[in-house]
Amino acid sequence: MNGSRTDPRSRAHSDALIFFVNGKKIIERNADPEMTLLIYLRRKLGLTGTKLGCAEGGCGACTVMLSRYQTGTQQPSHHAVNACLTPVCSLHLAAVTTVEGIGSVARKLHPVQERIAKAHGSQCGFCTPGIVMSMYALLRNNATPKMADVEEAFHGNLCRCTGYRPILEGYKTFTADGGCCGGKGASADGCCKANRNGAEEDSDGRVDEARSLFDAAEFAPYDPTQEIIFPPELTSLAKGQRSASLSFVGDRTVWLQPDSLEEFLQLKWEHPEARVVVGNTEVGIEVKFKNMEYPVILAPAFLVELNAVTHTEHGISFGAACTLSRVGSVLKQAVKTLPPHQTEVFLAVLEQLRWFAGLQIRNVAAVGGNIMTASPISDLNPVFMAAGCQLTLMDKDGSRVVQMDDTFFTGYRKTVVRPREVLLAIEIPYSKEGQFVSAFKQSPRREDDISVVTAAMSVTFAPGTDIVDELRLSYGGMAAVTVMAKMAASSLLGRRWGEELLQEACSALAEEMTVDPSAPGGMATYRRTLTLSFFYKFYLMVLQKLRKQGVNAEEVGSECLSAAEIYDPETPSSVQIYQAVQDQQGRDDSVGRPMMHLSALKQATGEAVYCDDVPLYENELYLALVTSSKAHANILSVDTSAAEGVPGVVCCLLSGDVPGSNRTGPAEYDETVLAQDQVTCVGHIIGAVVADTQLHAQRAAKAVTVQYEELQPIVSIQEAIEAQSFFDPMRTIQKGDLEAGFSQADHVLEGEMHIGGQEHFYLETNVTLAVPRGEDGEMELFASTQSASKTQSLVAKALGVPANRVVVRVKRMGGGFGGKESRSTALSTVVAVAANKLKRPVRCMLDRDEDMLITGGRHPFYGKYKVGFLRSGKVVALDVTYYANAGNSKDLSLAVLERSLFHMENSYHVPNIRGRGFLCRTNLPSNTAFRGFGGPQGMLVAENWMTDVAQSLGKPADEVRRLNLFAEGDLTPYNTKLERMTLDRCWEECLSRSGYPERRAAVGAFNSRNRWTKRGLAIVPTMFGISFTATFLNQAGALVHIYTDGSVLLTHGGTEMGQGLHTKMIQVASRVLGIPCSDIHISETSTNTVANASPTAASASSDLNGAAVMNACEVLLNRLEPYKKKNPKGSWGDWVAAAYFDRVNLSANGFYRTPDLHYDFDSNTGRPFNYFSFGVGCSEVEIDCLTGAHKNLNSTLVMDVGRSLNPAIDIGQVEGAFMQGVGLFTLEQLHYSPKGVLLTRGPGSYKIPAFGDIPKHLTVSLLRDAPNPKAVFASKAVGEPPLFLAASVFHAIKDAIGAARAESGLGGPFRLDSPASAERIRNACDDRFTKLCPPAEPGTFTPWSVQV
Ligand SMILES: Cc1cc2nc3c(=O)[nH]c(=O)nc-3n(C[C@H](O)[C@H](O)[C@H](O)COP(=O)(O)OP(=O)(O)OC[C@H]3O[C@@H](n4cnc5c(N)ncnc54)[C@H](O)[C@@H]3O)c2cc1C
Ligand code: FES
Ligand code: FES
């Protein structure tokens, strides 16, 4: 260590930081304490395989393996960690392994890479390297894991495309238990492993039903002995230098790594303001997202005393730097060896650790960090408090021991620990005879989520009795600190543990555990109810344990037992069914076969290049956006002077810097490139700062100050209705005679529902790199966009140049889902303006929080309906009105609204119908396209009135739905005659494959046996019109070159975002040209190869581009025909060569326009869709009525995709869309403040489905024998239609809630808004506990968030 410690900032030099990356030694002499490993890998080492998805440890895209030599075991340890939270300075003497380090397509694939790709577990591929590395790290520690280990390894990884099933299938092949369903599969003999070898005979004797999407026999075997070894040099360095103290000096921060406890204490004494950093999972977030600046960081992670684990007389003492993974493994071992009565506290800690973050976080986060962060929603602190843990605090003058009780936390994120003290250790006590301890956590998502309420309870009884001697109840999430319910607990002392005590406890808790209805986090009623629900669960658990021990305690009714069960996830199983190709089909003809996504291997090795992976240009700059913090305001002034003083800043941009037109917008020019005088949403782009690095640009952007004059914002649909704030036009579709319909009806019902919006959460955020070409105003853009043409035209408009000067290139996207159809241009135009001004390449990849804030999402909808129906359940009249929250500009909202109206009847024939739609103009960021494009919202309202009809008649919902289904020849409300209907076939197949009747009976039986857990079942159809409803977009182009070596370069107007479009297009070209797919290549999508391409959207890209590709290939084939005739025995190469020498043009462009499309709203005539896709889904769920948590037990999906071009890709689309729908309808909740500020801006607060959310059993069947004459090779569109099948999960939940309400004597229709979150489920299950926690009167408080 150099120099004196007393003024660390005066130090001029850093020590050398030595670590290894993929076996290569790195000596970094200028390690920056503010730099993360992720930035270092990507920017300094050019290792771009490791991806940035969130920068907050919440998505796992950045997962790498960290290995360190452990002096104790004299072995290296291997852990998956998040590179985005790992400070590069923490890596001294560590070995980092990235996805590039374990294999490559060119060299050799690692089995972990090969299997995820070949099992179809990689679609857009942006999550894939992180998932590969989580699996790899698992195998390095355990070469024969169980499926449960695999599932645990993925707790910290998200994927937005695949629906997770194929990833688990692929990795099952590594497991010792093979992940077999144990006979619960849906195949004939009941096992998931049956019928796995391709075509098999189905129950009707058909021999072409295939159930295998990959052949595991093809996989290279896994040989753990071949793994890369830990660098020997590092072993010797680690042995010799482990205790060296180090300093690293950065721009703003000094990192000090002490080599002894004394030095650590001395440093803390000298720098009481210094931040102690161990795992950096808290401090990293504070610095990145909360603008915190820490000039001195102390890094004691490797001090022996802070890592010590000691078994004492009273319990186990853990050094404060022990990671949570280590705490978990020590406690698990103790539970195995100690008598059960001693391990109650340990089991409670382990229960909390099961659901604590993801493995990557637990591998680095320290137990001391969790305590010292003093978060009110810490999951461990309630257990530590209930158990009475002891903490050892220390400063340079000595130590003291304090008890973790209600005096430890002194305020929000404050403790009794003094500034010069550190936490040395925590002792977790053994429990004693007669003591019972439990911990509970409820979060919106079970896996990797922070708590709504978290609790721990400990009760001790007088020996041999059920009389309470001691009771400690502690709760997180109820106040600014972890609190103890002291009054409730003390009132129960000396009482018998029985029903009377329960009643008193609940009343006391309801009184003591209050939450201000305006409190941050909202959900006040739910939180209060949870405190009671948890106590009730504890009460039941303890009663059972007492009786087991022979104490004469009250008996627990068998109907209550399931409420006390601890959730234990089952390994999911699945079946995929499709029709195999005919035997006579040529081997080289891949159409209809489950071919792997052609980029999947590259995606799995990190070699696939995404926009931000394009190597840095030498003089490249980075841009950061300045956005509005007000929803509606006049801009009074913008001051950029402070920003200009930040090192590295090159310039600031404001609206005056836009050389062309500042008016922009994808459909109408009703937006600004940079806000001029007014802002109309939080996140409205006001300006930008360009600097040498991302860090500098972002720091400077935060230094720009804007003065506003605030105006009244309109945030919600209700506010827009009140203010009549609508965009023109409103839309109506009407058919039949509404009045006559209602008068004919036996019953008329009215209802309403709200459907929340949805964030796209593509794993790759929006990114653009703009490169000025230096002459004639030319500009080249690399962008992550679904619409290269729209980007081109809006950039040209902003720059004031003709479109022919702008080239937009898209290699691939890390997901789009509609989010990059139009909103991507908001970033691209600004980046292009900056590059144009500075004449230098400029890049910007939005951080996740910026992306979520700026780019809008799925439209929230509010639907109001009046439905008339006969006693039989037949619906005869419907009047429905939709209100969509469009946000601050029109964007694509009118088309979204129109589609909701086109789908207002879902799949049901309603003879007299009127649908009206209004677009609410609000001060939210403009909402936009999202898979389904308004269809799911329109259809969910339909399913709601359908459920109401069934519930009010007391008839089974499936019967009422079946009765109303469209039939062949029926007319839709927009007068399209339905032909080639397959809806009834999908319905029947779904009923039989799901075993609906037996399941219904079993659900009923389960519900009659259980009071606090209820099951629900629902079957739901979907019918989705295929075509852009804007007729002109239904066109596509392709360009095909055949080179003289016979290889083919294919280009078409569609972009690849993981949906497998390029793979399908190559399959199409391969069949038409009669050559293998390996001879055909797609390099990218670009505006200079195919002009004026429509966005890749509306599920129609395979249809449109496929037809254009066919067209181009047929032209070329015709040109080659004479040479084939002349030399029939020749090869493709011979014919190509002959044609070339004969001066034949071997390039052709193809074009396609969908025939006969047009629709007129005024006359309700025309044909808006080319054809329809049909599907039916059936789902069964189980809800915990006490907490609102639910489990997806079983889903069966039958989808008509015509004659599938590629069953692996199509099934991947069905599953991916379904899981996105599960997110939409049950999980994903955007929270906005009443002032229009988005509060959920990252994976920490916005929860998309994770691995654990997939149904325990999932069957997907592609409807057989359903050729579609309207699209390429008889196929059908698949991207959007299956999403709505997730409504079966929503309605199964509603069914289960209905059963719970029936227990409280409540029957008939009830309102359940979407998503069916845990909070909504709990609140809807009206019972004795909810009655004790009535909601505050609306209007008497300002809520934390509002329904928009
Ligand atoms: C994605 C993600 C998920 C998470 N999920 C959960 C969850 O489910 N439940 C939950 O409770 N928390 C969760 N957290 C919060 C966080 O992981 C924990 O609080 C963690 O235990 C902090 O440990 P650390 O070592 O990373 O802390 P650091 O970030 O290194 O430090 C945190 C704080 O503790 C102080 N500190 C650390 N050690 C000492 C010491 N020895 N003496 C004095 N002060 C010290 C630091 O100065 C700092 O203020 C999550 C965080 C992330 C990023
Ligand atoms: S980028 Fe690191 S976890 Fe998301
Ligand atoms: S493949 Fe997982 S996010 Fe796209």
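Scroll up to find the structure.
Residues numbered from 1 in each chain as written. Chains lettered and ligands numbered in written order. Predicted model: local features only at pLDDT ≥ 70, side-chain atom pairs only at ≥ 80, totals over all residues. Heavy atoms only, no water.

Undergrad: I keep staring at the sheet that holds strand β46 (residues 1147-1153) and nothing clicks. Help me out?
TA: Spatial strand order, β44-β43-β42-β46: 4 strands in an open sheet with mixed pairing. Here the strands that pair on one side only, and so sit at the sheet edges, are β44 (1080-1081) and β46. Here strand β43 (residues 1048-1052) pairs with β44 via 2 bridges, running parallel. Across the sheet, the residue bridging to Val 1048 is Ile 1080, located in β44. Seen against the sheet, helix α33 (residues 1101-1126) touches β42 (1035-1042), β43 and β46 and runs at an angle of roughly 140° to β46. (Pairing = 2+ DSSP bridges. Helix = DSSP H or I, 4+ residues; strand = E, 2+ residues; numbered from the N terminus. Contact = heavy atoms within 4.5 Å. Axes fitted to C-alpha atoms, helices over the stretch in contact; angles between N-to-C directions.)

Undergrad: What is the right way to look at the site of ligand 1 in this model?
TA: Every one of the 30 residues lining ligand 1 counts as a neighbour, but Val 276, Val 278, Gly 279, Thr 281 and Asp 379 are closest to it. Here an oxygen atom of ligand 1 sits 2.9 Å away from a polar atom, N or O, in the main chain of Glu 282. For ligand 1, the accessible surface in isolation is 990 Å², of which the surrounding protein chains cover 93%. Counting residues per element, the shell around ligand 1 draws most heavily on helix α14 (residues 367-373), at 4 residues. Tallied by class, the residues present in the shell around ligand 1 amount to 15 nonpolar, 8 polar and 7 charged. (Near = heavy atom within 4 Å. Polar contact = N/O pair within 3.5 Å; in protein donor to acceptor, adjacent residues only side chain to side chain. Areas by Shrake-Rupley, 256 points an atom, 1.4 Å probe, with all protein chains shown as cover. Nonpolar A, V, L, I, M, F, W, Y, C, P; charged D, E, K, R; others polar.)

Undergrad: Looking at this structure, how should I read the pattern of salt bridges?
TA: Where charged atoms from two side chains of opposite charge approach closely, those side chains can pair. Here the structure, examined in full by the defined rule, presents 68 salt bridges. Asp 612 is the partner of Arg 843 in a salt bridge, and the nearest nitrogen-oxygen pair spans 3.1 Å. Of the two residues, Arg 843 sits in strand β37 (residues 842-845) while Asp 612 sits in the loop between α19 (600-605) and β24 (621-627), which places them 231 residues apart along the sequence. Overall, the relative accessible area of 0% leaves Arg 843 in the buried class. Assessed through its relative accessible area of 5%, Asp 612 is described here as buried. (Salt bridge = Lys/Arg side-chain N within 4 Å of Asp/Glu carboxyl O. Buried < 20%, exposed > 50% of the residue type's maximum accessible area, 1.4 Å probe, protein only.)

Undergrad: Where do I start with helix α11 (residues 324-337) in this structure?
TA: Counting along an α-helix, one turn takes 3.6 residues, and residues three or four places apart therefore face a common direction. With 14 residues, α11 extends 20 Å between its outermost C-alpha atoms, agreeing within 8% with the 20 Å of an ideal straight helix rising 1.5 Å per residue. Every buried residue of α11 is listed here: Leu 324, Val 327, Gly 328, Val 330, Leu 331 and Ala 334. Those residues of α11 that are buried lie in contact with β12 (309-311), β13 (315-319), α12 (344-354), α13 (359-362) and α14. (Expected span 1.5 Å × (residues − 1).)

Undergrad: Please explain the packing of aromatic side chains as it appears in this structure.
TA: Inspection of every chain in the model, using the stated rule, returns 40 aromatic pairs. Relative to Tyr 539, the ring of Trp 497 has its centre 5.9 Å away and its plane inclined at 35°; by these criteria the two rings are tilted. With a gap of 42 residues between them, Trp 497 in the loop between α16 (486-491) and α17 (499-512) and Tyr 539 in helix α18 (residues 524-548) connect regions that are remote in the sequence. Overall, the relative accessible area of 0% leaves Trp 497 in the buried class. Here a set of aromatic residues connected by ring pairs shows up, and it is made of Phe 436, Phe 461, Trp 497, Phe 535, Tyr 536, Phe 538, Tyr 539, Trp 1012 and Phe 1329. Of note, Lys 820 hangs over the ring of Tyr 762, and the distance from its end group to the ring centre comes to 4.5 Å. (Phe/Tyr/Trp six-rings, centres within 6.5 Å; stacked < 30°, edge-to-face > 60°. Lys NZ or Arg CZ within 6 Å of the ring centre and 35° of its normal.)

Undergrad: What is the right way to read the packing of helix α28 (residues 935-953) against helix α36 (residues 1287-1303) from this model?
TA: Each pair of packed helices gets described by two things: the angle between the helix axes and the distance between those axes. Where α28 meets α36, the axes come as close as 11 Å, and the angle between the chain directions of the two elements is 30°. Along this stretch, α28 crosses α36, giving a crossing that reads as right-handed. Seen from α28, the contacting residues are Leu 940, Glu 943, Asn 944, Thr 947 and Asp 948; seen from α36, they are Ala 1287, Phe 1290, His 1291 and Lys 1294. Its residues placed into classes, the contact of α28 with α36 shows 3 nonpolar, 3 polar and 3 charged. (Left-handed = near helix turned anticlockwise from the far one by under 90°.)

Undergrad: How should the packing of α17 against α18 be read in this particular structure?
TA: Their axes nearest at 9 Å, the elements α17 and α18 cross at an angle of 160°. For the element pair α17 / α18, the angle class is roughly antiparallel. Crossing angle aside, the handedness with which α17 passes α18 is right-handed. Mapping the contact onto sequence places Glu 499, Leu 501, Leu 502, Ala 505, Cys 506, Leu 509 and Ala 510 in α17 and Arg 528, Thr 531, Leu 532, Phe 535, Tyr 536 and Tyr 539 in α18. Each residue belonging to the contact of α17 with α18 can be placed in one class, and the counts come to 10 nonpolar, 1 polar and 2 charged. (Parallel < 35°, antiparallel > 145°, perpendicular 65-115°, else oblique.)

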